[in-house]
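Chain residues, written in single-letter form:
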Number of protein chains: 2
Amino acid sequence: MPLSEFDIIERYFNRQTLQRDDVKLGIGDDAALITPPAGQQLVVAIDTLVEGVHFPLDTDAEAIGWKALAVNLSDLAAMGAEPAWFTLALTLPHSDEEWLAGFSRGLSELADKAGVQLVGGDTTRGPLTVTIQVAGYVPAGEALLRRGAKPGEEIWVSGSVGDAALALQIQQQSVDITPADKQSLMHRLDQPEPRYRLGVALRHLASSCIDVSDGLIADLAHLCAMSRVGASLDYEAVPLSSAARQAIAIHSEYRELPLYGGDDYELCFTAPGERHEELELLGQQLECPLSCIGVITAELQLQCRDRNGEILALAKQGYQHFGDTNT
Amino acid sequence: MPLSEFDIIERYFNRQTLQRDDVKLGIGDDAALITPPAGQQLVVAIDTLVEGVHFPLDTDAEAIGWKALAVNLSDLAAMGAEPAWFTLALTLPHSDEEWLAGFSRGLSELADKAGVQLVGGDTTRGPLTVTIQVAGYVPAGEALLRRGAKPGEEIWVSGSVGDAALALQIQQQSVDITPADKQSLMHRLDQPEPRYRLGVALRHLASSCIDVSDGLIADLAHLCAMSRVGASLDYEAVPLSSAARQAIAIHSEYRELPLYGGDDYELCFTAPGERHEELELLGQQLECPLSCIGVITAELQLQCRDRNGEILALAKQGYQHFGDTNT
């Protein structure tokens, strides 16, 4: 007998351990009831993952549950917000208990880790689509925005970029790297680690911030457009994982993937030069390396140079996004 | 050339007239930034409409835009919340400008009317799915809940019920009523009027409340289950529109549709008997008739009797929902 919506909610989504003080009423009425802490602003983001578009048909349910929340927490991180609660709209072709158990496990694992509580949702029948809206808090006036970068400031990126894009290449064609490196790249694609701890820590350090979801160059271009500045990047300073270095050493055609590949969910931000050491220390404390990759310019263009001072051709392509209005 | 996500947002969703004071940052960054008014609690609901499941393939885009917001505002109404802001996750098979213009028109019309602002969204490619999460405010401690109904209290319902279910019958088979009655029923299905003004007005009058989305009996059963009470309904008191009366006079097989049909988005609530006249007056003031349809009982069952005192068989069927855990 197929599970009813009530059964699905009761079995897979209403048995969470986390009970936040600000959540006065969660799942179980017409709507949830939240008391936002005094003096805090609410930061709200919504993102959808569609099967066959954002993930392949055979993606592990647990990875989908994790990633659907992760991409939203990444948006909160970019605003410097502390994760608080979320709602889930889950559209499923049929009520597959094994799938639901996996999805709910992946979702809960990240939710518990980030301290964010599921407060409501809607389960409908249809093509597999997962929409999450997440909310977080930031003290009034302290949110990090895309605007705020000033010429002369340094440009930073967290962790490493290009891993998710390389993982997609591996899925699509044979890439000659070790199984351990493959696994490491696939993990970055399937279970990205949203940088919400870093986001909160950057509130008083960064002058602007964005998360790297569309690709480093594209997202930095969004940030520059909103700040009305340009950027000059040093390709050699762009942080790569050891797996990505291995892959690029063997397949030089992937050299520029770390600049253009999306789905990394790192933070790209700007800060005055005098914050340099403080930021390096912060990266060590959070076990999340921070790399200074360039400088903000008054000239309204985005350039990336390699060690020979050559402007990388693809950097100009990424520049097409420049000037767009962003979501 | 197909529209990009940026173009879609800029052309169809970023040109709203409404600018609320509590919305500090809307569309255009990684997330929206809201300052909830002091002393207010946040009420949050999420609902998805899927093409072919919640509306037929050929449904007018404007009606979809309206209804996707209406069903969410109805949940806020049931909590006594004042609508404030919403996010939209729109999954579209392709970027059809005519469709987008219609959808955006229907959405904006209701949003402006209800004073609720679109603060963020996500536009993705895939099977047509519309998810809206809406938030409203209610003074701390004043939210209407499903629990709170007490034996002896009166049961009320707003407007009329059964119209949307009759409209579905009309779509599926020939029903012998006038074109004007048909149109009136179809309008109820396509453009339901969420009762948010009534919801706010009921804060100090009603003891419990739910919106009628699954059907009067089913939703009243949810309310009774949460309040740990039963209900005795008078079928003759259940309010029908004149179009519904006409349809049922001709097709007596639809007699019980008003009890079981969903999608009406009226409010069903309970109140002490001494509030009776005040509630009738409120209905006149809001031009939204309120009908007293029965009484809450200590006995944990839900009965509906017709004028002969006969218990309607289908009332027992609706009773199956009784005791379920609700969303």
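How each quantity is defined
For every chain, the first residue of the written sequence is number 1, and numbering continues from 1 onward in sequence order. Chains and ligands are labelled sequentially in the order written, the chains with letters from A and the ligands with numbers from 1. The predicted origin of the model limits local features to residues at a pLDDT of at least 70 and limits the giving and counting of side-chain atom pairs to 80 or more, whereas totals for whole chains, interfaces and linings rest on all residues. Water and hydrogen atoms play no part in the side-chain values, which are based on all heavy atoms of the structure. Secondary structure is summarised from DSSP: a helix means a run of H or I of at least four residues, a strand means a run of E of at least two, and numbering begins at the N terminus for each. Contacts: residue pairs with any heavy atoms within 4.5 Å of one another. We call Phe, Tyr and Trp rings a pair once their centres come within 6.5 Å, taking the six-membered ring for Trp, and we label the pair stacked below 30 degrees between planes, edge-to-face above 60, and tilted otherwise. Working definition: with a 1.4 Å probe on protein chains only, accessible area under 20% of the residue-type maximum means buried, over 50% means exposed, and in between means partly exposed. In this scheme, strands are said to pair when DSSP sees at least two bridges between them. The convention used is that axes are lines fitted to C-alpha atoms, helices contributing only their stretch in contact, and that angles between N-to-C directions extend from 0 to 180 degrees. To estimate the expected span of a helix, subtract one from its residue number and multiply by 1.5 Å. We place the copies in one frame by least squares, fitting the C-alpha atoms of every residue whose pLDDT is at least 70 in both. pLDDT measures the predictor's confidence residue by residue and takes values from 0 up to 100. Summed over both partners, the accessible area lost on bringing two parts together, with a 1.4 Å probe, is the buried area. When a carboxyl oxygen of Asp or Glu is within 4 Å of a side-chain nitrogen of Lys or Arg, the pair counts as a salt bridge. By definition, any crossing whose near helix is turned counterclockwise from its far helix by less than a right angle is left-handed, and any crossing with a clockwise turn is right-handed. Classification convention: Asp, Glu, Lys, Arg as charged; Ala, Val, Leu, Ile, Met, Phe, Trp, Tyr, Cys, Pro as nonpolar; all other residues, Gly among them, as polar. Orientation categories follow fixed angle ranges, with anything under 35 degrees roughly parallel, anything over 145 roughly antiparallel, 65 to 115 roughly perpendicular, and all other angles oblique.

Draft legend 1. Molecular detail of the environment of Val175(B). All names here are of chain B. Checked against the element boundaries, Val175 lands in the loop between helix H4 (163-172) and helix H5 (179-190). As for Val175 and Leu128, which are separated by 47 residues in sequence, their C-alpha atoms are 30 Å apart. Here Val175 is in contact with Gln169, Ile170, Lys182, His251 and Tyr254, once residues within four sequence places are set aside.

Draft legend 2. Here's a closer look at the packing of aromatic side chains. Counting across every chain of the model gives six aromatic pairs over all chains. Taking 6.2 Å as the distance between ring centres and 75 degrees as the angle between the ring planes, the aromatic pair formed by Phe13(A) and Phe103(A) counts as edge-to-face. Of this pair, Phe13(A) sits in helix H1 (residues 5-13) while Phe103(A) sits in helix H3 (residues 97-114), placing them 90 residues apart in sequence. Given the relative accessible area of 5%, Phe13(A) is considered buried. Phe103(A) gets classed as buried once you look at its relative accessible area, which sits at 0%. Taking the centre distance of 6.3 Å and the plane angle of 5 degrees together, the rings of Trp156(B) and Phe269(B) count as stacked.

Draft legend 3. Here's a closer look at the sheet that holds strand E10 (residues 266-271) of chain B. Residue and element names in this part refer to chain B. Ordered in space as E8-E10-E7-E11-E9-E12, the six strands form an open sheet in which the pairing is mixed. Of all strands in the sheet, those bounded by a partner on one side alone are strand E8 (208-212) and strand E12 (302-305). Taken over all neighbouring pairs, the strand axes of this sheet differ in orientation by 25 degrees on average, direction set aside. Both E8 and E10 contribute to a ladder of five bridges, which runs antiparallel.

Draft legend 4. How the structure looks around helix H7 (residues 216-227) of chain B. All names here are of chain B. A rise of 1.5 Å per residue sets the reference length of H7, with its twelve residues, at 16 Å; its end C-alpha atoms lie 16 Å apart and thus fit the reference within 8%. Where burial is concerned, most of H7 is hidden: ten out of the twelve residues are buried. Taken together, the buried positions of H7 are occupied by Leu216, Ile217, Ala218, Asp219, Leu220, Ala221, His222, Leu223, Cys224 and Ser227. Positioned one or two residues after H7, Arg228 has a phi angle of 55 degrees, which is positive.

Draft legend 5. Quick peek at the relation of the copies chain A and chain B. Superposition record for chain A on chain B: RMSD 0.0 Å, screw rotation 180 degrees, translation along axis 0.0 Å. Such a combination of rotation and displacement between the chain copies is what one expects of a two-fold axis. Comparing contact sets, 100% of the residues at the interface of chain A also lie at the interface in chain B, consistent with an isologous, same-surface contact.

Draft legend 6. Representation of the confidence of the model for chain A in the model. On average, residues of chain A carry a pLDDT of 90, and 94% of them reach 70 or more. Among the scores for the predicted complex, ipTM is 0.89 and pTM is 0.91.

Draft legend 7. Expanded view of the pairing of strand E11 (residues 290-297) of chain B. Residue and element names in this part refer to chain B. Extensive coverage of E11 is indicated by the burial of six of its eight residues. Across five bridges, strand E7 (residues 154-158) lies against E11 in antiparallel orientation. In the strand pairing of E11, Trp156 is matched with Cys292.

Draft legend 8. Structural context of the interface of chain A and chain B. Taken together, the 63 residues of chain A in the interface contact 63 residues of chain B. Summing both sides of the interface, chain A and chain B together bury roughly 4900 Å²; the carbon and sulfur share of this comes to 60%. Counting every contact that joins chain A to chain B gives four salt bridges. When the shortest N-O distance is used, the salt bridge between Asp29(B) and Arg146(A) registers 3.7 Å.

Draft legend 9. Geometry of the packing of helix H2 (residues 61-78) of chain B against helix H3 (residues 97-114) of chain B. Residue and element names in this part refer to chain B. Interaxial distance between H2 and H3 falls to 6 Å at its minimum, and their mutual angle equals 35 degrees. The element H2 and its partner H3 pack so that their crossing is right-handed. The segment H2 lies against H3, with Ala61, Glu62, Ile64, Gly65, Trp66, Leu69, Ala70 and Leu73 engaging Trp99, Gly102, Phe103, Arg105, Gly106, Leu107, Glu109, Leu110, Ala111, Lys113 and Ala114. Split by residue class, the contact of H2 with H3 holds twelve nonpolar, three polar and four charged.

Draft legend 10. Spatial organisation of H4(B). All names here are of chain B. Counting buried residues in H4 gives seven out of ten residues, a clear majority hidden from the surface. All of the buried residues in H4 are Asp163, Ala164, Ala165, Leu166, Ala167, Gln169 and Ile170. On the buried face of H4, the contacting elements are H5, helix H8 (242-250) and helix H9 (257-260).

Draft legend 11. Region of the structure containing the packing of helix H4 (residues 163-172) of chain A against helix H5 (residues 179-190) of chain A. All names here are of chain A. Put simply, H4 and H5 touch, their axes get as near as 8 Å, and they point 115 degrees apart. As the angle between them shows, H4 and H5 are arranged roughly perpendicular. Crossing angle aside, the handedness with which H4 passes H5 is left-handed. Where H4 approaches H5, its residues Asp163, Ala164, Leu166, Ala167, Leu168, Ile170 and Gln171 are matched on the opposing element by Lys182, Leu185, Met186, Arg188 and Leu189.

Draft legend 12. View of the pattern of salt bridges. Under the criterion given, the structure shown has 26 salt bridges over all chains. Measuring nitrogen to oxygen at the nearest pair gives 3.0 Å for the salt bridge that ties Glu278(A) to Arg275(A). For Glu278(A), a relative accessible area of 39% gives the class partly exposed. Where Arg188(B) meets Asp163(B), a salt bridge forms, and the shortest distance between an N and an O atom there is 2.8 Å. With Arg188(B) in helix H5 and Asp163(B) in helix H4, this residue pair connects regions lying 25 residues apart in the sequence. Here the salt bridges do not stand alone but share partners, grouping Asp163(A), Arg188(A), Arg195(A) and Glu266(A) into one network.

Draft legend 13. Structural view of the sheet that holds strand E6 (residues 129-139) of chain A. Pairing within the open sheet is mixed, and its six strands lie in the order E5(A)-E4(A)-E6(A)-E3(A)-E2(B)-E1(B). Looking along the sheet, the strands with just one partner apiece sit at the ends: strand E5 (117-125) of chain A together with strand E1 (23-25) of chain B. Ignoring which end each strand starts from, the neighbouring axes of this sheet average 20 degrees apart. Here E1(B) runs beside strand E2 (residues 32-34) of chain B; their pairing, made up of two bridges, is antiparallel. Across the sheet, the residue bridging to Val23(B) is Ile34(B), located in E2(B). Lying over the sheet, H1(A) contacts strand E4 (82-92) and E5 of chain A, oriented at roughly 145 degrees with respect to E5(A).

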